[in-house]
Structures are given as structure tokens and as C-alpha cells.
Amino acid sequence: MDPELIMDELSRELTDTLKKMRKAKTAEEKLAYSQVVKNLSSSLGVFLGLITNVMDMGFDDDDMFDA
């Protein structure tokens with residue numbers, strides 16, 4: 001899968017979840033959304049860390065995904 005698509009989808013999900021969290025009425029709903037936000041943020045952070053490591057090694061996108 002294209003790394004740019006992964007980042008876009010994670011960012012979109014994060015934005016959508018934050019919008020839903022704003023509309024949440026109960027503490028339970030807010031807690032559930034906050035856990036989703038935390039997980040999406042962690043996933044995005046791991047992915048960005050991986051990209052940073054790959055870039056530091058001098059690989060480009062073609063090297064990373066050639067099989």
C-alpha cells in the first residue's frame with residue numbers, strides 16, 4: 001500500500017473522530033472517542049517514525065516497496 005495513502009487515511013480518521021468526540025454528550029462517549037484518538041495518534045506516530053528511519057537510511061519510496 002502507498003505510504004501517502006496510509007498517512008492520508010489515518011489523518012482523515014483522526015479528524016473524523018475528533019469531530020465526533022466534540023459532539024459526544026456523555027463522559028462514556030468522550031472516553032471511547034479519546035481512546036480511539038489515542039490509538040490513531042499512536043499509529044500515525046509509529047508510521048511517521050518508520051518513514052523517518054527509512055529516509056535517514058537513504059532509501060527512496062521505490063527502494064522501500066520493491067519486491
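Residues numbered from 1 in each chain as written. Predicted model: local features only at pLDDT ≥ 70, side-chain atom pairs only at ≥ 80, totals over all residues. Heavy atoms only, no water.

**Q** An account of the overall build of the protein chain is needed here, citing residue identities and associated values.
**A** For the protein chain, the count of helices and strands is three helices and zero strands. Tracing the protein chain from N to C terminus, the helices and strands come up as α-α-α. Taken over 67 residues, the protein chain has a buried fraction of 16%. Per element, the accessible surface of the protein chain, about 5300 Å² overall, is 57% carbon and sulfur. (Helix = DSSP H or I, 4+ residues; strand = E, 2+ residues; numbered from the N terminus. Buried < 20%, exposed > 50% of the residue type's maximum accessible area, 1.4 Å probe, protein only. Areas by Shrake-Rupley, 256 points an atom, 1.4 Å probe, with all protein chains shown as cover.)

**Q** Describe the side chain of T17, and please don't skip the residues or the numbers.
**A** For T17, the location among the structural elements is in helix α1 (residues 3–23). Note on T17: relative accessible area 7%, which makes it buried. Non-local contacts of T17, meaning those with residues more than four positions away in its chain, are made with Y33, V36, V37 and L40. (Contact = heavy atoms within 4.5 Å.)

**Q** Tell me about the nonpolar core, and name the residues and values.
**A** Counting five residues, the largest nonpolar core is built from L10, L14, V37, L40 and L44. Secondary structure elements with two or more residues in this core: α1 and α2 (27–56). The element that contributes the greatest number of residues to this core is α2, accounting for three residues. Once you skip the residues sitting within four places of it in the chain, L40 turns out to touch L10, E13, L14 and T17. (Core = buried A, V, L, I, M, F, W, Y, C linked by side-chain atoms within 4.5 Å.)

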